[in-house]
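Here is what each chain is made of, one letter per residue.
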Amino acid sequence: MANGWSIIIGLVIIVAMCLASWFFAPKGENQVLWRSSLILSIVSCYLMWAITFLAQLHPLIVPRRSDLRKEYIHH
Amino acid sequence: MAPAKDTPFRSADMSMVQLYISNEIGREVVNALGELGLVQFRDLNGELSAFQRAFTQDIRRLDNVERQLRYFHAQMEKAGIALRKLDLDVDTLAPPTTTEIDELAERSQSLEQRVSSLNESYETLKKREVELTEWRWVLREAGGFFDRAHGNVDEIRASSENDDAPLLQDVEHHLAAPEVERSFSGMNIGFVAGVIARDRVAAFERILWRTLRGNLYMNQAEIPEPLVDPATNEPVTKNVFVIFAHGKEILAKIRKISESMSAEVYNVDENADLRRDQVHEVNARLGDVQSVLRNTQQTLDAELAQIARSLSAWMVLVSKEKAVYNTLNLFSYDRARRTLIAEGWCPTHDLPLIRSTLQDVTNRAGLSVPSIINEIRTNKTPPTYLKTNKFTEAFQTIVNAYGTATYQEVNPAIPVIITFPFLFAVMFGDLGHAIIMLCAALAMIYWEKPLKKITFELFAMAFYGRYIALVMAVFSIYTGLIYNDIFSKSMTLFESSWDWKVPADYRPGQTVIGKLKDDYRYPFGLDWRWHGTENDLLFTNSYKMKMSIILGWAHMTYSLCFAYINARHFKRPIDIWGNFVPGMIFFQSIFGYLVVCIFYKWTVNWVDLELQPPGLLNMLIYMFLQPGFIDVPLYRGQKYVQIGLLLLAVVQVPILLFLKPFYLRWEHNRARAKGYRGIGERSSRVSALDEDDELRQGQGQGNGGGRLSGESEVGEGVAMIARDLDEDDDDGHGGGHGGHGGEFEFGEVMIHQVIHTIEFCLNCVSHTASYLRLWALSLAHQQLSAVLWSMTMGPALGKSGIGGAIFLVVTFAAFFCLSCVILIIMEGVSAMLHSLRLAWVESFSKFAEFGGWPFAPFSFKQQMEEAEELKEYLG
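Looking at an unreviewed UniProt entry, chain B carries the name V-type proton ATPase subunit a, with the source organism given as Staphylotrichum tortipilum. As recorded by UniProt, the Sequence similarities (unreviewed entry) comment attached to chain B reads in full: "Belongs to the V-ATPase 116 kDa subunit family." Looking at the Subcellular location (unreviewed entry) heading of the UniProt record, one finds this comment for chain B: "Membrane".

Chain A has the name ATPase, V0 complex, subunit E1/e2 in an unreviewed UniProt entry, where Staphylotrichum tortipilum is given as its organism. The record in UniProt for chain A states the following under Sequence similarities (unreviewed entry): "Belongs to the V-ATPase e1/e2 subunit family." Recorded in UniProt under Subcellular location (unreviewed entry), the annotation for chain A is "Endomembrane system".

Have a look at this one:
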């Protein structure tokens, strides 16, 4: 389910969220504050998630460990 | 052009206004404006010293009242009477009328006299009491000596008169002595009795011994209870002494010495009956004094207790009143029209409010002369007024700590509200620590009102930043989830994308490696399968390092965009074409390219394609050192793209260097060719400072003249103010080359631009590298919490039985405390400082000028918050 397309899907979702924050930000003198803060945090969070996801998409190294107990190895 | 309303995006539009207020209501108007807190007055009497100003008398009077009130407070503290503190959130003080202030002054004057006279009599009485007590002790102790000594008179006489008396004589005499009641005076022996401080006794004795060559007999006894010194109110331990000696001169000497050693000498009669009378008398007098003392004390306490109820309010009133007169001292006074003229800055959008306040005050006073408020045009730089609310206040403060933004440039606090806590969270990513921090922040916000009163400095600081802490904690929860770290442990929220490749004959201790699932990747955050593996750090380091670079790039690009918004707002297209565009291209063609490469490298499945993945760091280095040389290829045509980008970046350097200075010179020359001249060339002004001085002088002459020689010249003074300002206005239109003001000097502009270019290009590199702190700090935080776990909870959870349970409780306490102190507070502060630096240096240097000066309106609210001396009166 979660493959490379997730990045694009996520992008679509956050663009929608950003648009929503732009249009539904509370009116008044702090509107600019709401818009800037909401969009900035949505984008920052998406960026961090996307970086983490992409870093694990095609990993160059595989996990390796030698302290596993027998009963846990298949979990 | 200007927005309809002030927003936090830029500092508010400001206007210079001139106020004409009738002299009678000057005080009331300033009072009302102080409550409003929207006007910053300029000093129109710069040339007058503090003593020459119009309202100095009133200020002196108020200073005196303030001193009296402080005296009451000191007396209250001495008497241990609690002050009723004033809570400005609850109690509102109506602005006082002049008569109320006068009454207050009179009342505090009479109260001061009363309190001080009560105090004086109390002190005299106290002194009397101490004296009497001492005397009583002397009588009691000295009486003891006499009773003992009288029995031995003969013996004393014998030993003093007859040196060769037989040794057994005193035994014989003892039998005869009791009925002999002879006096010392008969033997020509006198005595001095008194009281001396115990620590002086040794010195006293030595001095007496030396001056009298041993011709004395001294007896002393300790007074068991310490006596209170009325002057210092401190307990002193004292001794009673009685000194016997021969002859009047010697006795006089002893008296003198006693006085010089500040011993008190008391009159004691040697006759036992007289002495008994004396004791009775002393006791009676002591009783009287004590009852009077009690009464005085009670009256004083009652008086002070009554004052204590309203002292805080008086103090606040007086300090407000003083501020009002200090402000009135800034105004210039037109004697002919009996008008006060004030000048100051106020937010343009609040002008109607100020106007209606003035109207209100005038109406209330029933004056026919209206107060006039005039907006004047000026080319002076208005102050930067950034409105804040409860939430943005702390963010604005950390920005203002760096500098005051230039008037009307993009408020640097806007991006900081999110970027600062977010970058903090990247370094502080641990769900457990974030939740504790969130609880603390929420508690501070929920109990906002009671916690506001706490004055302990460290807590007050944390409390001030409670909303920053809230946002930081929320973002840290997010990054904690991304890093999949809770107290250094991982959570298995989703199915892992890795399986272990288990050989058939697996024995514990054997190394197993992971096998990636086909079309499934861990959907949110770091795969928990990495946790505890041998190459865990290898993976997370590479991931976090790349993330730091990408976030840094994003942060800096975003900040650089504000430079465009600023240039557009200030209508300086040359800043867009000469600074923003080449800068942006330079930055993107190097670091934008690097970021694109990072993303691209992640999307390629190097393992399945059986290709060697290139090292991006090497790629970037070769791009500069050997353009065209590709070590390990990333994509086809890489060589040409990289050479192209490098050329693009290099070409930007001369554009950055030369475009703006030469454009400005061209524009300047064109303006001159059309016949425009700068104001600076006409008059002798050199700098903005001189200009200001000249303005002040102009006003000074005008006002001073008006004050000295009456009506005719006053009009001229006012006209001069107006003319000066008009002149300034011209200046604003003529020499408007942006922020540099009057004259154009090519050399200066060029040097400025060279510095800017070098700084910008070098900073692109060093600032990008600086973002690696995100990786370093988050690694340190994660490793530190892992070490803490392995030293406390790890071994404790391995134990079993009742001992293990107790051990677990103890280690959990240690684990929790250390987590809070080291990992949350210490690490949090360090991450905060690093994040602060990223905001101040890496982000602000891209767009903000910080060339403004802060708007400091005359406001009672601010005054109450900032005044140190009022702190103890406000609850």
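This next bit is on the overall build of chain A. Helix and strand counts for chain A stand at 2 helices and 1 strand. Helices and strands in chain A line up, N terminus first, as α-α-β. Taken over C-alpha atoms, the radius of gyration comes to 19 Å for chain A, far larger than the 11 Å a tight globule of 75 residues would show. Considering only C-alpha atoms, chain A reaches an extent of 60 × 25 × 20 Å along its principal axes. The 75 residues of chain A split such that 20% are buried.

Okay, the interface of chain B and chain A next. At the junction of the two partners, chain B supplies 58 residues and chain A supplies 36 residues. Mapped onto the side of chain B that touches chain A, the elements with two or more residues apiece are α11 (413-427), α15 (466-483), β12 (498-501), β13 (512-516), α16 (536-569), α17 (573-603) and α18 (606-609) of chain B. In terms of residues, the side of chain B that touches chain A owes the most to one element, α16 of chain B, which gives 8 residues. A breakdown of the residues in the side of chain B that touches chain A according to their chemical character gives 35 nonpolar, 15 polar and 8 charged. Pairing analysis gives 2 bridges linking strand β1 (residues 64-65) of chain A to β13 of chain B, with the strands arranged antiparallel. When the bridges of β13 of chain B are listed, R65 of chain A appears paired with V512 of chain B.

Right, let's get into helix α1 (residues 5-24) of chain A. Helical periodicity: at 3.6 residues per turn, an α-helix aligns residues three or four positions apart in one direction. Between its terminal C-alpha atoms α1 of chain A stretches 28 Å, which fits the 28 Å expected from 20 residues at 1.5 Å a residue. Counting buried positions over the 20 residues of α1 of chain A gives 0, only a small fraction of the element.

On to the sheet that holds strand β8 (residues 264-266) of chain B, then. Residues and elements named next belong to chain B. The 4 strands are arranged β4-β7-β3-β8 in an open sheet whose pairing can be described as antiparallel. One side of each edge strand has no neighbouring strand; the edge strands of this open sheet are β4 (217-222) and β8. When strand polarity is set aside, the average angle formed by the axes of neighbouring strands in this sheet is 25°. Relative to strand β7 (residues 238-246), strand β3 (residues 189-197) is paired through 9 bridges, and the arrangement is antiparallel. Pairing of G190 across the sheet is with A245, part of β7. Relative to the sheet, helix α6 (residues 201-211) contacts β3, β4 and β7, its axis offset from that of β4 by approximately 175°.

Turning to unusual backbone geometry, a few remarks are in order. Even without being glycine, E610 of chain B reaches a positive phi, approximately 55°. When you line up the elements, E610 of chain B lands in the loop between α18 and α19 (616-625).

Under the UniProt annotation, "coiled-coil region" (unreviewed entry) lies at residues 101-128 of chain B. Secondary structure content for residues 101-128 of chain B is 100% helix and 0% strand, while the C-alpha to C-alpha distance between its ends is 40 Å.

With that out of the way, let us pick up the nonpolar core. Note that soluble globular proteins tend to have their nonpolar side chains buried in a common cluster. Residue and element names in this part refer to chain B. Judged by nonpolar contacts, the single largest core of 81 residues is most densely connected at F424, A425, M472 and L774. Excluding residues that lie within four positions of it along the chain, A425 makes contacts with M472, F475, S476, Y478 and T479. L38, F41, L44 and V361 belong to the second largest nonpolar core, which has 53 residues in total.

Right, let's get into helix α20 (residues 638-673) of chain B. Residue and element names in this part refer to chain B. Its 36 residues place the ends of α20 51 Å apart at the C-alpha level, agreeing with the 52 Å of an ideal helix rising 1.5 Å per residue. Within α20, the axis deviates most sharply at F658, by approximately 30°, and proline P661 lies no more than four positions further along. Those residues of α20 that sit buried are Q642, A649, Q652, L656, K660, P661 and L664. Of the surrounding elements, those touching the buried residues of α20 are α17, α19 and α24 (746-770).

Let us look at the UniProt feature "transmembrane region" (unreviewed entry) in chain A. Residue and element names in this part refer to chain A. UniProt records the feature "transmembrane region" (unreviewed entry) at residues 7-25 and 37-62, using the numbering of this structure. The span residues 7-25 shows a helical share of 95% and a strand share of 0%, and its end C-alpha atoms are spaced 26 Å apart. The span residues 37-62 is 73% helical and 0% strand by assignment, and the distance between its end C-alpha atoms comes to 38 Å.

This paragraph deals with the sheet that holds β12 of chain B. With antiparallel pairing, 3 strands are arranged side by side in an open sheet as β1(A)-β13(B)-β12(B). Among the strands making up the open sheet, the edge pair consists of β1 of chain A together with β12 of chain B.

Before going further, it helps to examine the pairing of strand β1 (residues 14-22) of chain B. Here is the key point about a regular strand: its side chains alternate between the two faces of the sheet. In terms of strand pairing, β1 of chain B meets strand β10 (residues 339-347) of chain B through 9 bridges, oriented antiparallel. Opposite M14 of chain B, over in β10 of chain B, you have P347 of chain B as the bridge partner.

On to the UniProt feature "transmembrane region" (unreviewed entry) in chain B, then. Residue and element names in this part refer to chain B. The UniProt entry lists residues 422-446, 458-483, 547-565, 577-603, 641-659 and 801-826 under the feature "transmembrane region" (unreviewed entry), expressed in the numbering used here. Within residues 458-483, the helical portion is 96% and the strand portion 0%, while the C-alpha atoms at the span's ends are 31 Å from each other. Between the C-alpha atoms that bound residues 641-659 there is a distance of 26 Å. The span itself is 100% helix and 0% strand.

The next subject is the packing of α1 of chain A against helix α2 (residues 31-55) of chain A. Residue and element names in this part refer to chain A. In the contact formed by α1 and α2, the axes pass within 9 Å of each other and the chain directions differ by 175°. It follows from the interaxial angle that α1 and α2 lie roughly antiparallel. Across from S6, I7, G10, I14, M17, C18, S21 and W22 in α1, the residues of α2 making contact are R35, L38, I39, I42, V43, Y46, W49, A50, F53 and L54. Considering only residue class, the contact of α1 with α2 consists of 14 nonpolar, 3 polar and 1 charged.

With that settled, the discussion passes to the pairing of β10 of chain B. Residue and element names in this part refer to chain B. Burial runs high along β10: 9 of the 9 residues are buried. Of the two faces of β10, both are covered, the one formed by T339, I341, E343, W345 and P347 as well as the one formed by L340, A342, G344 and C346. The pairing of strand β2 (residues 40-41) with β10 spans 2 bridges and is antiparallel. Within the sheet, the bridge partner assigned to Q40 lies in β10 and is W345.

Parameters at a glance
Residues numbered from 1 in each chain as written. Chains lettered and ligands numbered in written order. Predicted model: local features only at pLDDT ≥ 70, side-chain atom pairs only at ≥ 80, totals over all residues. UniProt positions renumbered as here; feature names shortened; annotations may be inferred. Helix = DSSP H or I, 4+ residues; strand = E, 2+ residues; numbered from the N terminus. Rg over C-alpha atoms; globule rule 2.2 N^0.38 Å. Buried ≥ 20, exposed ≤ 12 C-beta atoms within 10 Å, placed from the backbone. Contact = placed C-beta atoms within 7 Å. Nonpolar A, V, L, I, M, F, W, Y, C, P; charged D, E, K, R; others polar. Pairing = 2+ DSSP bridges. Expected span 1.5 Å × (residues − 1). Axes fitted to C-alpha atoms, helices over the stretch in contact; angles between N-to-C directions. Core = buried A, V, L, I, M, F, W, Y, C linked by C-beta atoms within 7 Å. Bend = angle between axes of the 7 residues up to and from the residue. Parallel < 35°, antiparallel > 145°, perpendicular 65-115°, else oblique.

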